[in-house]
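Residue-level structure breakdown
The lines below spell out each chain.
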Amino acid sequence: MVNNARSGRSSLSLAKRYNFFFYFRHVVLLVWSTIVLFPIFWMISTSFKDSGDWVAWPPNWMPSFLGGGYEPTLHNYRQIFTFTALGEELSREATEQAYSIWGALGDSASIASISSLVALLLGTFLAYSISRFNVGGKNFRYIILTIRMVPPIVIAIPIVMYYAVLIPHATETLFQFRFSLYDSYVGLGLLYTATTLPFVIWMMLSFIDEVPYTLEHAARIMGSSRIYTLRRVVIPLVAPGMVVTFLFIFILNWSEFLLALTLTQPKVSTMPVLLNKFQSAVEGRLYGPQAAIGTVITIPVVILGVLIQKHLITGFSFGTIRK
Amino acid sequence: MACPPAAPDNSRRPTKRKSLSSWLEQEKIFRLIPFVLVEGFFLLLLAIPFILTVYISLLKWRANRPFERAYFDGFGSYINVLTTEDFWWALGRTFYFAGAAVILELLLGFFLAMLVYRQFRGRRLYITIFLIPMMVVPVVAGYNFSMIYVDSGPLNQVLSPFLEMFGIDPRVRWLSHPIAAQWAVILADVWQWTSLTFLIFLSGFSALPQQLTNAARVLGASRWQIFWWIHLPLLRPAIIIAVVIRSMEALKIFDQAVLLTFGGPGTATETIAFFLWRQVWMFNKYSFGAAASVLLLIIFSFFIFYGIHLLVRERAVVKEG
């Protein structure tokens, strides 16, 4: 209707303009979709290729049953999912060895989930306190972001010295026993909690700010205690937000690389660190097993992400965008 | 002054058994519990190590020697860092990477969000696809791109008709050329994080009030005028957020550089994080690393506080309306 009024001024007819814009938009969006999906497609297809096809020239795009040039194989997956004890029958050649990922998968999952949970609980509590009582002053919610903004390498160097030098030294002189957080689940988990807390506080603030204060007020007047109010009134209302926040910081912790690389060797190792080990393997790059590992750690996270996608928009408004 | 009588304060008469919980119930105590917990946690985990770092940066210590043999060296390590040319090159390169990546991400993200924010068929599918890179583990993204840039990879295959036209062997080794390797790292970053700027702009676009646009249309404003005078000013908070968040994250760039090029060829893709990692974990220069972290924190804190200042100002504007 509005366009009708304006189309008189334009030399193109309304239908043509509409058509042009329609095609233009879809072409641009399709091009970007291709760019976005291609690396993922390539990783998945490489994970099904045998060692000769990894870097063949010209590259093979499609498996043989779709008319392409490579025989799909599950060999890479068999290599990474073997338990090391079972790997003896595999030959000594690098492309045939077993690379068990179970240890790293377990480490990654446990560290990421537990530290995310701790960060979520602490952060939600603090976000509630900031939202309702203005704890820490008007700009505290911004000051907390500084922790997130410091580059992790600047944190990593002090932490290594703290974990590997100061804490063992201190415990040895005080309690006569050596205790080190270096290369331990707790050490890395604590750090993950600290680095994701700012995001929890930010995202939870945007959810808690939307809960009307009158509800809590009513509960308080009826004689419920503060903790009870928090547990029975506020938490149920922001529970979806908590789930989204948890999944988001879980993704962050799951994919964290630098801190894991610097703070854990060789006992604890997370999936990104394991993937990196292949990259610098002396036998040359093992693209196939790497692609299989990449697929295994990416697909679950992408599915989680697609599930929370709708809520990410609220969480990422960072409180400055008006509804 | 006729104040209404204050409500009887129940918390004043606790039974002996419940005195602790009622003490915690007081507002002035309760509001501080999470604050004290979190701040104490940060103090223990981040502040103490930092003081330790300052101390170590004043020593002369390499980790292949025992700590007891370290000796006091004053500002020697600092001078050492400041006179190391590679430190400044790595720092400059980091800003160059971050600047190029963030500008591209902002333009692309804005453009894509502009195309997608109105309702049309297939919109949800596009949004879902565009947000996927954000969920991909950065190390995996780096790996994927190393697979694409490899000399017999799909990129060279797609380009081969053009390359053969000029008589070049189509198997170009992109990651062995300094400038191509730098752009490989930048483009991997753009691939991954355009999704975040897209998300921020999309939430900005969806929050635009429809009435203003309609009013302007009725008054005869052109599309361009509506965009420039109405939409852009209203999107300012989103733009500021995207700039601040993305620049801060882009300055940390490390994963892609390690996975794609391992700093090479030479030092062409050595970012500051990678440089320091190599100094400390491969050359064991602990005092050097400590001094460099302190210096970096000082340099970065200017940017961080400027970024925070921008966010606070935007917030104030939004609150006033």
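Residues numbered from 1 in each chain as written. Chains lettered and ligands numbered in written order. Predicted model: local features only at pLDDT ≥ 70, side-chain atom pairs only at ≥ 80, totals over all residues.

The next thing to look at is the overall build of chain A. Each helix and strand in chain A was counted, giving 13 helices and zero strands. Tracing chain A from N to C terminus, the helices and strands come up as α-α-α-α-α-α-α-α-α-α-α-α-α. Looking at chain A as a whole, 41% of its 323 residues qualify as buried. If you take every contact in chain A between residues at least 6 apart in sequence, the share linking residues at least 24 apart comes to 69%. (Helix = DSSP H or I, 4+ residues; strand = E, 2+ residues; numbered from the N terminus. Buried ≥ 20, exposed ≤ 12 C-beta atoms within 10 Å, placed from the backbone. Contact = placed C-beta atoms within 7 Å.)

Before going further, it helps to spend a moment on the overall build of chain B. Along its length, chain B carries 14 helices and two strands. Over its C-alpha trace chain B gives a radius of gyration of 27 Å, far above what one expects of a compact globule, namely 20 Å for 321 residues. Taking the principal axes of the C-alpha coordinates as reference, chain B spans close to 95 × 80 × 35 Å. Taking all 321 residues of chain B together, the buried fraction comes to 38%. Sequence-distant contacts in chain B: of pairs separated by 6 or more residues, those separated by 24 or more amount to 69%. (Rg over C-alpha atoms; globule rule 2.2 N^0.38 Å.)

The next thing to look at is the interface of chain B and chain A. Facing the 84 residues of chain B at the interface are 80 residues of chain A. Partitioning the side of chain B that touches chain A into residue classes produces 64 nonpolar, 11 polar and nine charged. (Nonpolar A, V, L, I, M, F, W, Y, C, P; charged D, E, K, R; others polar.)

In this section: the environment of Gly189(A). All names here are of chain A. Positionally, Gly189 belongs in helix α8 (residues 185-208). The exposure class of Gly189 is buried, given the 22 C-beta atoms found within 10 Å. For the pair formed by Gly189 and Ile111, sequence separation is 78 residues and the distance between their alpha carbons is 5.5 Å. Those residues in contact with Gly189, other than ones at most four positions away along the chain, are Ile111, Ile114 and Ser115.

For Asn134(A), which is not a glycine, the phi torsion comes out positive at approximately 55°. For Asn134(A), the location among the structural elements is in the loop between α4 (102-133) and α5 (140-143). C-beta crowding within 10 Å serves as the criterion here: with 12 such atoms nearby, Asn134(A) is assigned to the exposed category. Within the chain, Asn284(B) stands out as a residue other than glycine whose phi angle is a positive 55°. Take Asn284(B): it is sitting in the loop between α13 (272-282) and α14 (286-320). By C-beta crowding, Asn284(B) is classed as partly exposed, having 14 other C-beta atoms within 10 Å.

Turning next to the environment of Phe199(A). Residue and element names in this part refer to chain A. Along the polypeptide, Phe199 turns up in helix α8. By C-beta crowding, Phe199 is classed as buried, having 20 other C-beta atoms within 10 Å. For Phe199, the contacting residues outside a window of four places in its chain are Arg148 and Ile249.

On to the confidence of the model for chain B. All names here are of chain B. A residue-level look at chain B finds 90% of positions with pLDDT of 70 or above and a mean pLDDT of 82. Within the model, pLDDT remains below 50 along residues 1-12, and this stretch shows three contacts once partners closer than five positions in the same chain are excluded. For this predicted complex, the interface confidence reaches an ipTM of 0.82, while the overall pTM sits at 0.83. (pLDDT = per-residue confidence, 0-100.)

A few words now on helix α7 (residues 138-149) of chain B. Residue and element names in this part refer to chain B. For α7, built from 12 residues, the straight-helix expectation of 16 Å at 1.5 Å per residue is met to within 8% by its first-to-last C-alpha distance of 16 Å. Within α7, 12 of the 12 residues are buried, leaving the element largely enclosed by the surrounding structure. Restricting attention to buried positions, one finds in α7 the residues Pro138, Val139, Val140, Ala141, Gly142, Tyr143, Asn144, Phe145, Ser146, Met147, Ile148 and Tyr149. (Expected span 1.5 Å × (residues − 1).)

Attention now moves to the packing of helix α7 (residues 152-175) of chain A against helix α3 (residues 33-57) of chain B. Taken N-terminus to C-terminus, the directions of α7(A) and α3(B) make an angle of 90°; their axes are 8 Å apart at the nearest point. Between α7(A) and α3(B), the angle falls in the class roughly perpendicular. Residues Ile155(A), Ile157(A), Pro158(A), Ile159(A), Met161(A), Tyr162(A) and Leu166(A) of α7(A) form the contact with α3(B), whose participating residues are Leu46(B), Ile48(B), Pro49(B), Phe50(B), Leu52(B), Thr53(B) and Ile56(B). Split by residue class, the contact of α7(A) with α3(B) holds 13 nonpolar, one polar and no charged. (Axes fitted to C-alpha atoms, helices over the stretch in contact; angles between N-to-C directions. Parallel < 35°, antiparallel > 145°, perpendicular 65-115°, else oblique.)

All names here are of chain A. Two elements in contact, helix α9 (residues 213-221) and helix α10 (residues 226-255), have axes separated by 10 Å at closest approach and are oriented at 140°. Relative to α10, the element α9 is oriented oblique. In this structure, the crossing between α9 and α10 has a hand that is right-handed. Residues Leu215, Glu216, Ala219 and Arg220 of α9 touch α10, and the partners they reach there are Thr229, Val233 and Val234. (Left-handed = near helix turned anticlockwise from the far one by under 90°.)

This part is about the confidence of the model for chain A. Averaged over chain A, the pLDDT score is 80; the fraction of residues at 70 or greater is 84%. In this model residues 1-10 of chain A is a low-confidence stretch, pLDDT under 50, and it forms five contacts with partners more than four residues away in sequence or in other chains.

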